[in-house]
Amino acid sequence: MHDHELAEILPDIVGPDGRFGHRQHIHLAFLAVRRYGMPEAVDKVCGWLRQVAAYEKVPRKYHHTMSRAWVELVAHHTVAEPFDTFVERNPALLDKRLLGRHYRSTTLATEEARQGWTEPDIAPFPWPGYSM
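These numbers were taken from a predicted model, which means no experiment stands behind them. (Residues numbered from 1 in each chain as written. Predicted model: local features only at pLDDT ≥ 70, side-chain atom pairs only at ≥ 80, totals over all residues. Heavy atoms only, no water.)

Draft legend 1. Up close: the pattern of salt bridges. In this structure the tally under the stated criterion is 8 salt bridges. The shortest N-O distance in the salt bridge between Arg-23 and Asp-84 comes to 3.0 Å. Separated by 61 residues along the polypeptide, Arg-23 in helix H2 (residues 22-36) and Asp-84 in helix H5 (residues 83-89) bring together distant segments of the chain. Taking relative accessible area as the criterion, Arg-23 reaches 34% and is therefore assigned partly exposed. (Salt bridge = Lys/Arg side-chain N within 4 Å of Asp/Glu carboxyl O. Helix = DSSP H or I, 4+ residues; strand = E, 2+ residues; numbered from the N terminus. Buried < 20%, exposed > 50% of the residue type's maximum accessible area, 1.4 Å probe, protein only.)

Put into structure tokens, the structure is as follows:
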């Protein structure tokens, strides 16, 4: 890892088995939102996930629209509380299919969505001031 901050954070969210699944992605977004607020958390998380994908030699796994969308969803629900309390209060965020309420799968499958931000094409995100 090139980023000392990411190297510092990962041991707290990755279990002893080294798993970095959806819950760990949400936890990373949660920590970034709490530490930096929006929109800086988007830049931090997206950069970190690019690093993780490159380190794991799977750079094509990085998806910009999905990464940003999850950070925005986490930010919308984040208040000052521990992560476990946060996910107990917001269990839908642990459902990887949640973005399907906002995006068609064909939209997320595009190279444009993978490399840059794509607006939701089914329903807008639920926070005030966001519209399609």
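Draft legend 2. Main features of H2. If you check H2, its first and last C-alpha atoms are 21 Å apart, about what 15 residues at 1.5 Å a residue would give, namely 21 Å. By the burial criterion, the buried members of H2 are His-22, Gln-24, Ile-26, His-27, Leu-28, Ala-29, Phe-30, Ala-32 and Val-33. Buried residues along H2 sit in contact with helix H1 (4-13), helix H3 (40-55), helix H4 (64-77) and H5. Taken from the residues just after H2, Gly-37 is the one with a positive phi, measuring 75°. (Expected span 1.5 Å × (residues − 1). Contact = heavy atoms within 4.5 Å.)

Draft legend 3. Seen up close, the packing of aromatic side chains. Under the definition given, this model contains 5 aromatic pairs. Here a set of aromatic residues connected by ring pairs shows up, and it is made of Phe-30, Phe-83 and Phe-86. Lying over the aromatic face of Trp-117, Arg-68 brings its terminal NZ or CZ to 3.9 Å of the ring centre. (Phe/Tyr/Trp six-rings, centres within 6.5 Å; stacked < 30°, edge-to-face > 60°. Lys NZ or Arg CZ within 6 Å of the ring centre and 35° of its normal.)

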